[in-house]
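# Architecture and fold: a report
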Amino acid sequence: MSSSQVLLFVIVGKNEPLYEAEFHKAGTAGSSDSVTRQNYFVLHSALDLVEKAAWTTNQMYLKVVDKVNQQQVSTFLTAGNIKFMLLHGGRSEDSIKSFFSDVYELYVKLSMNPFYRYDTPITSKSFDTRVRAVARRYLA
Amino acid sequence: MSKSTAAANGHSLWQKMPKANAELFALTYGTLVTELVRDYESTEDINEQLEKMGYSIGVRCVDEFLAKADQAGMVIPPCRAFAETAEVLAKTGFRMFLGVSAEVQMISDSSFSLLIYENPLSLFVELPSDPKWKDIKYSNLYCGILRGSLEQVNLRVECTMVKDVLQGDDVNEIRVDLKEVLVDGAGEEYDEE
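This section reports on the structure supplied with the text. (Residues numbered from 1 in each chain as written. Chains lettered and ligands numbered in written order. Predicted model: local features only at pLDDT ≥ 70, side-chain atom pairs only at ≥ 80, totals over all residues. Heavy atoms only, no water.)

## Observations regarding the interface of chain B and chain A
Each side of the interface is counted separately: chain B has 15 residues, and chain A has eight residues. Regarding the contact of chain B and chain A, the summed buried area is about 940 Å², with carbon and sulfur atoms giving 68% of it. Contact with chain A buries area across many residues of chain B, yet T34, F124 and E126 of chain B alone supply 52% of it, more than any other trio. There are three residue pairs in polar contact (both at pLDDT 80 or more) connecting chain B and chain A. In the side of chain B that touches chain A, the residues fall into nine nonpolar, four polar and two charged. (Contact = heavy atoms within 4.5 Å. Buried area = accessible area lost by both parts, 1.4 Å probe. Polar contact = N/O pair within 3.5 Å; in protein donor to acceptor, adjacent residues only side chain to side chain. Nonpolar A, V, L, I, M, F, W, Y, C, P; charged D, E, K, R; others polar.)

Structure (structure tokens):
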């Protein structure tokens, strides 16, 4: 089961996930149910480590906070304490950092929308399309 | 007043006006609209409130417009046809206050449409995809402003937003219909015997 084929990206707010997206390599089918659940489990269990790592640096990009089996969780912490978390099977730091920066820009534009309240689930379709396009660009 | 003078006037008046940050302006208007959304239930009420606010703004705008033009040494003669009014509004008025020009599309002698491509009020805005937002006229403030300012120069008009970029159209269109040319007067009680 090659887990570097599937990438899981989750935006976590104070109490709940605000946005989730799975990115597959072009051509492969979606992953099975158990793999998906395992991915979610790994990612959410890394949340405590994110809190710990946040105190060690004043950068927004926290790099890899947790390594389980072959999977790694990288995190980006926004200024408003929203966590962007990416579960991957080993990608270059630079491409992940660029991915997070672009998604951060999209997130900032979204939060400027007067109809979007901070820390609420993100339902905008254009945000979803754009995040997927960014993922294809940096993580394909 | 030819079209090019109206545009030139608009551009030079815009240079002289004190400026505000575009993002601050758009965000302020955005919070205003979301507050209205919280206060009122139906979208008709929200649109009506926006129009009323626009009316109060418009009543003050026309004086400022004529005063600033006078200060700048421009002559804005009384309009001889409604089409002239439309041009002055679109090219000079809108340009002066918002920095964007509108285009005029005459529909008849007493009605025209203003086409606005760039709307400074709706920067960053995306309407939620809920069907109840289909009828909200986010930029309805403009309709009130036009109605208020034209009423001060004795033209009673009705303005409606016909097309809205936020609702999916490619341009913002405001339809202005002239209802009545008002007569100056202090009322019947003051008629001389």
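## Details of the packing of aromatic side chains
All names here are of chain A. Using the criterion set out here, one finds 20 aromatic pairs over all chains in the structure. Between F9 and F84, the aromatic rings sit 6.0 Å apart at their centres with planes inclined by 75°, giving edge-to-face as the arrangement. You can see F9 sitting in strand β1 (residues 6-12) and its partner F84 sitting in strand β5 (residues 83-88), a full 75 residues away along the chain. Taking the centre distance of 5.6 Å and the plane angle of 80° together, the rings of F84 and Y107 count as edge-to-face. Of this pair, F84 sits in strand β5 while Y107 sits in helix α3 (residues 93-111), placing them 23 residues apart in sequence. What makes F84 buried here is its relative accessible area of 0%. Judged by relative accessible area, which is 6%, Y107 ranks as buried. Put simply, the rings of F9, Y19, F23, Y61, F76, F84, F99, F100, Y104, Y107 and F127 pair up and form one aromatic cluster. (Phe/Tyr/Trp six-rings, centres within 6.5 Å; stacked < 30°, edge-to-face > 60°. Helix = DSSP H or I, 4+ residues; strand = E, 2+ residues; numbered from the N terminus. Buried < 20%, exposed > 50% of the residue type's maximum accessible area, 1.4 Å probe, protein only.)

## So, helix α1 (residues 33-45) of chain A
Side chains that are three or four residues apart share a direction in an α-helix, a result of its 3.6 residues per turn. Residues and elements named next belong to chain A. The end-to-end C-alpha distance of α1, which contains 13 residues, comes to 18 Å, matching closely the 18 Å that a straight helix rising 1.5 Å per residue would cover. Buried within α1 we find V35, T36, N39, V42 and L43. Angularly, the buried residues of α1 cover 130° about the axis, an arc narrow enough to put them on a single face. With respect to the buried face of α1, the exposed residues turned more than 90 degrees away are D33, R37 and F41. Turning to α1, the residues buried within the fold contact β1, β2 (17-24), α2 (47-54), β3 (61-68), β4 (71-77) and β5. (Expected span 1.5 Å × (residues − 1). Arc of directions from axis to C-beta.)

## Some details on the sheet that holds β4 of chain A
All names here are of chain A. The five strands lie next to each other as β2-β1-β5-β4-β3, forming an open sheet whose pairing is antiparallel. The strands lining the two open edges of the sheet, one partner per strand, are β2 and β3. Between one strand axis and the next, the sheet turns by 15° as a mean value, whatever way the strands run. Strand direction decides the pairing type here: β3 and β4, joined by six bridges, are antiparallel. Its bridge partner being in β4, K63 is matched across the sheet by T75. Sheet strands in contact with helix α4 (residues 125-139) are β1, β2 and β5, and its direction is about 45° off that of β2. (Pairing = 2+ DSSP bridges. Axes fitted to C-alpha atoms, helices over the stretch in contact; angles between N-to-C directions.)

These figures come from the coordinates and say nothing about function on their own.
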